[in-house]
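Chain by chain, the residues run as shown.
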Amino acid sequence: MKRRLGLLTGMLTAGTVACFAALAQDAPTTPDGMPTYIVKDGQVDKGTYNGYRRFHATCHTCHGFDASGSSFAPSLVDSLKRLSYDEFKEVVVNGRQNQGATGDKVMPSFGLDPNIMDHLDDIYRYLKARADDALPGGRPQRIGG
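The sections below set out a description of the structure shown in this document. All values reported here derive from a predicted model rather than from experimental measurement.

### Some details on unusual backbone geometry
Positive phi, normally seen in glycine, also occurs at D41, with a value near 50 degrees. When you line up the elements, D41 lands in the loop between β1 (39–40) and β2 (43–44). Taking the relative accessible area as the measure of exposure, D41 reaches 81% and is therefore exposed. One non-glycine residue with positive phi stands out, namely A67, at about 65 degrees. Relative to the helices and strands, A67 resides in the loop between α2 (46–63) and α3 (76–79).

### Things to note about the pattern of salt bridges
Within the structure shown, the criterion is met by three salt bridges. D133 serves as the salt-bridge partner of K81, at 3.9 Å between the closest nitrogen and oxygen. With a gap of 52 residues between them, K81 in the loop between α3 and α4 (85–94) and D133 in the loop between α6 (120–131) and β5 (141–142) connect regions that are remote in the sequence. Of the residues examined, K81 reaches a relative accessible area of 48% and is grouped as partly exposed. With a relative accessible area of 64%, D133 lands in the exposed category.

### Details of α6
Look at α6: 16 Å from first C-alpha to last across twelve residues, which is about the 16 Å you get at 1.5 Å a residue. In terms of residue burial, α6 counts as a mostly covered element, since eleven of its twelve residues are buried. Restricting attention to buried positions, one finds in α6 the residues L120, D122, I123, Y124, R125, Y126, L127, K128, A129, R130 and A131. Immediately downstream of α6, the backbone of D133 shows phi near 60 degrees, a positive value.

### Comments concerning the packing of α2 against α6
The interhelical angle for the contact between α2 and α6, taken along N-to-C directions, is 95 degrees, at an axis separation of 7 Å. By the angle class used here, α2 and α6 are roughly perpendicular. Together, G47, T48, N50, G51, Y52, R54, F55 and H56 of α2 and D122, I123, R125, Y126, L127 and A129 of α6 make up the contact between the two elements. Considered class by class, the residues forming the contact of α2 with α6 number six nonpolar, five polar and three charged.

### Overview of the nonpolar core
Among the nonpolar cores identified, the biggest contains 23 residues, and F55, L80, F88, I116 and L127 are the most heavily contacted of them. Listed by contribution, the elements that provide at least two residues to this core are α2, α3, α4 and α6.

### Overview of the layout of surface pockets
Its volume calculated, the largest pocket comes out at about 590 Å³. If you go around the largest pocket, you meet 27 residues; those closest to its centre are H63, A73, P74, V91 and M107. Contributions of two or more residues to the lining of the largest pocket are made by α2, α3, α4, β3 (96–100), β4 (103–107) and α6. Of all the elements, α2 adds the most residues to the lining of the largest pocket, at four residues. Across the lining of the largest pocket, the residue classes break down as 19 nonpolar, five polar and three charged.

What counts, and where the lines are drawn
Residues numbered from 1 in each chain as written. Predicted model: local features only at pLDDT ≥ 70, side-chain atom pairs only at ≥ 80, totals over all residues. Heavy atoms only, no water. Helix = DSSP H or I, 4+ residues; strand = E, 2+ residues; numbered from the N terminus. Buried < 20%, exposed > 50% of the residue type's maximum accessible area, 1.4 Å probe, protein only. Salt bridge = Lys/Arg side-chain N within 4 Å of Asp/Glu carboxyl O. Expected span 1.5 Å × (residues − 1). Axes fitted to C-alpha atoms, helices over the stretch in contact; angles between N-to-C directions. Parallel < 35°, antiparallel > 145°, perpendicular 65-115°, else oblique. Contact = heavy atoms within 4.5 Å. Nonpolar A, V, L, I, M, F, W, Y, C, P; charged D, E, K, R; others polar. Core = buried A, V, L, I, M, F, W, Y, C linked by side-chain atoms within 4.5 Å. 1 Å grid on protein atoms, 1.4 Å probe; cavity = no way out; pocket = protein on both sides within 12 Å on 5 of 7 lines; lining within 4 Å. Points joined across faces, edges and corners; volume = space filled by probe spheres on them.

So this is what it looks like as C-alpha coordinates:
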(Lines give C-alpha, C1' and ligand atoms only; values in the text may rest on other atoms or scores of the structure.)
Protein backbone atom coordinates (compact mmCIF):
# COMPACT_ATOMS: atom_id res chain seq x y z
CA MET A 1 0.00 0.00 0.00
CA LYS A 2 2.81 2.44 0.89
CA ARG A 3 4.51 1.69 -2.44
CA ARG A 4 1.30 2.47 -4.35
CA LEU A 5 0.81 5.68 -2.41
CA GLY A 6 4.42 6.74 -3.15
CA LEU A 7 3.95 5.96 -6.84
CA LEU A 8 0.68 7.90 -6.91
CA THR A 9 2.33 10.86 -5.17
CA GLY A 10 5.16 10.79 -7.71
CA MET A 11 2.66 10.74 -10.56
CA LEU A 12 0.70 13.64 -9.08
CA THR A 13 3.86 15.65 -8.61
CA ALA A 14 4.92 15.06 -12.22
CA GLY A 15 1.40 15.87 -13.38
CA THR A 16 1.33 19.04 -11.30
CA VAL A 17 4.66 20.18 -12.76
CA ALA A 18 3.40 19.47 -16.30
CA CYS A 19 0.20 21.39 -15.56
CA PHE A 20 2.09 24.44 -14.28
CA ALA A 21 4.41 24.29 -17.28
CA ALA A 22 1.40 24.29 -19.62
CA LEU A 23 -0.14 27.22 -17.73
CA ALA A 24 3.11 29.19 -17.94
CA GLN A 25 3.18 28.63 -21.69
CA ASP A 26 -0.42 29.85 -21.98
CA ALA A 27 0.25 32.89 -19.80
CA PRO A 28 3.73 34.30 -20.42
CA THR A 29 5.19 36.84 -18.01
CA THR A 30 8.25 39.05 -17.96
CA PRO A 31 11.08 38.18 -15.54
CA ASP A 32 9.52 40.58 -13.00
CA GLY A 33 6.13 38.83 -13.26
CA MET A 34 4.24 41.25 -15.50
CA PRO A 35 1.93 39.76 -18.15
CA THR A 36 3.45 39.71 -21.62
CA TYR A 37 2.68 38.14 -24.98
CA ILE A 38 4.19 35.82 -27.56
CA VAL A 39 3.77 36.59 -31.25
CA LYS A 40 5.40 34.16 -33.70
CA ASP A 41 4.86 34.41 -37.43
CA GLY A 42 1.73 36.48 -36.83
CA GLN A 43 0.28 33.93 -34.38
CA VAL A 44 -0.23 34.56 -30.66
CA ASP A 45 -0.10 32.57 -27.43
CA LYS A 46 -3.32 31.31 -25.89
CA GLY A 47 -3.52 34.13 -23.31
CA THR A 48 -3.14 36.89 -25.89
CA TYR A 49 -5.76 35.23 -28.08
CA ASN A 50 -8.10 35.03 -25.09
CA GLY A 51 -7.42 38.73 -24.45
CA TYR A 52 -8.47 39.52 -28.01
CA ARG A 53 -11.71 37.59 -27.50
CA ARG A 54 -12.44 39.20 -24.12
CA PHE A 55 -11.64 42.71 -25.37
CA HIS A 56 -14.00 42.29 -28.32
CA ALA A 57 -16.74 40.87 -26.10
CA THR A 58 -16.91 43.97 -23.88
CA CYS A 59 -14.36 46.75 -24.37
CA HIS A 60 -14.58 47.33 -28.12
CA THR A 61 -18.02 48.87 -27.74
CA CYS A 62 -16.38 52.06 -26.45
CA HIS A 63 -12.70 51.68 -27.35
CA GLY A 64 -13.33 50.68 -30.95
CA PHE A 65 -12.51 47.68 -33.06
CA ASP A 66 -8.91 46.56 -32.50
CA ALA A 67 -8.63 49.06 -29.60
CA SER A 68 -8.10 51.92 -32.04
CA GLY A 69 -10.45 54.32 -30.22
CA SER A 70 -13.80 55.91 -31.00
CA SER A 71 -15.76 59.05 -30.26
CA PHE A 72 -16.65 57.47 -26.90
CA ALA A 73 -13.23 56.40 -25.62
CA PRO A 74 -9.53 56.72 -26.47
CA SER A 75 -7.34 54.38 -28.44
CA LEU A 76 -5.92 51.81 -26.07
CA VAL A 77 -3.24 51.08 -28.65
CA ASP A 78 -1.95 54.59 -27.88
CA SER A 79 -2.68 54.49 -24.15
CA LEU A 80 -0.74 51.26 -23.58
CA LYS A 81 2.36 52.88 -25.06
CA ARG A 82 2.60 54.98 -21.88
CA LEU A 83 0.56 53.15 -19.20
CA SER A 84 2.24 50.53 -17.01
CA TYR A 85 0.43 47.31 -16.20
CA ASP A 86 -0.39 48.63 -12.72
CA GLU A 87 -1.80 51.90 -14.12
CA PHE A 88 -3.88 49.94 -16.66
CA LYS A 89 -5.21 47.69 -13.91
CA GLU A 90 -6.05 50.69 -11.70
CA VAL A 91 -8.18 52.28 -14.43
CA VAL A 92 -10.00 49.06 -15.29
CA VAL A 93 -10.69 48.13 -11.68
CA ASN A 94 -11.69 51.58 -10.40
CA GLY A 95 -12.76 53.42 -13.53
CA ARG A 96 -11.87 57.00 -14.39
CA GLN A 97 -13.64 60.30 -14.96
CA ASN A 98 -12.01 63.03 -17.07
CA GLN A 99 -13.21 66.48 -17.92
CA GLY A 100 -12.81 66.94 -21.64
CA ALA A 101 -13.45 69.84 -23.99
CA THR A 102 -16.69 68.16 -25.07
CA GLY A 103 -17.83 67.25 -21.55
CA ASP A 104 -17.29 64.41 -19.10
CA LYS A 105 -15.76 61.17 -20.28
CA VAL A 106 -16.32 58.29 -17.95
CA MET A 107 -14.61 54.90 -17.87
CA PRO A 108 -16.82 52.70 -15.69
CA SER A 109 -15.35 50.45 -13.03
CA PHE A 110 -15.07 46.79 -14.03
CA GLY A 111 -13.67 45.70 -10.66
CA LEU A 112 -16.68 43.50 -9.91
CA ASP A 113 -17.13 42.09 -13.41
CA PRO A 114 -15.72 38.55 -13.54
CA ASN A 115 -15.83 38.58 -17.35
CA ILE A 116 -13.15 41.28 -17.20
CA MET A 117 -11.34 40.69 -13.91
CA ASP A 118 -10.82 36.95 -14.43
CA HIS A 119 -9.11 37.74 -17.76
CA LEU A 120 -7.48 41.09 -17.06
CA ASP A 121 -3.93 39.82 -17.65
CA ASP A 122 -4.95 38.39 -21.02
CA ILE A 123 -6.70 41.61 -22.06
CA TYR A 124 -3.53 43.47 -21.15
CA ARG A 125 -1.43 41.00 -23.19
CA TYR A 126 -3.57 41.62 -26.28
CA LEU A 127 -3.55 45.40 -25.86
CA LYS A 128 0.18 45.53 -25.15
CA ALA A 129 0.92 43.44 -28.27
CA ARG A 130 -1.16 45.91 -30.30
CA ALA A 131 0.54 48.93 -28.64
CA ASP A 132 4.02 47.51 -29.30
CA ASP A 133 3.13 47.01 -33.00
CA ALA A 134 3.79 43.30 -32.55
CA LEU A 135 0.24 42.45 -33.57
CA PRO A 136 -1.73 44.01 -36.44
CA GLY A 137 -5.46 44.60 -36.28
CA GLY A 138 -7.92 41.84 -37.01
CA ARG A 139 -8.49 38.43 -35.48
CA PRO A 140 -5.17 36.82 -34.59
CA GLN A 141 -4.45 33.13 -35.06
CA ARG A 142 -3.41 31.06 -32.06
CA ILE A 143 -0.03 29.34 -32.00
CA GLY A 144 -0.74 25.67 -32.56
CA GLY A 145 -4.44 26.36 -32.97
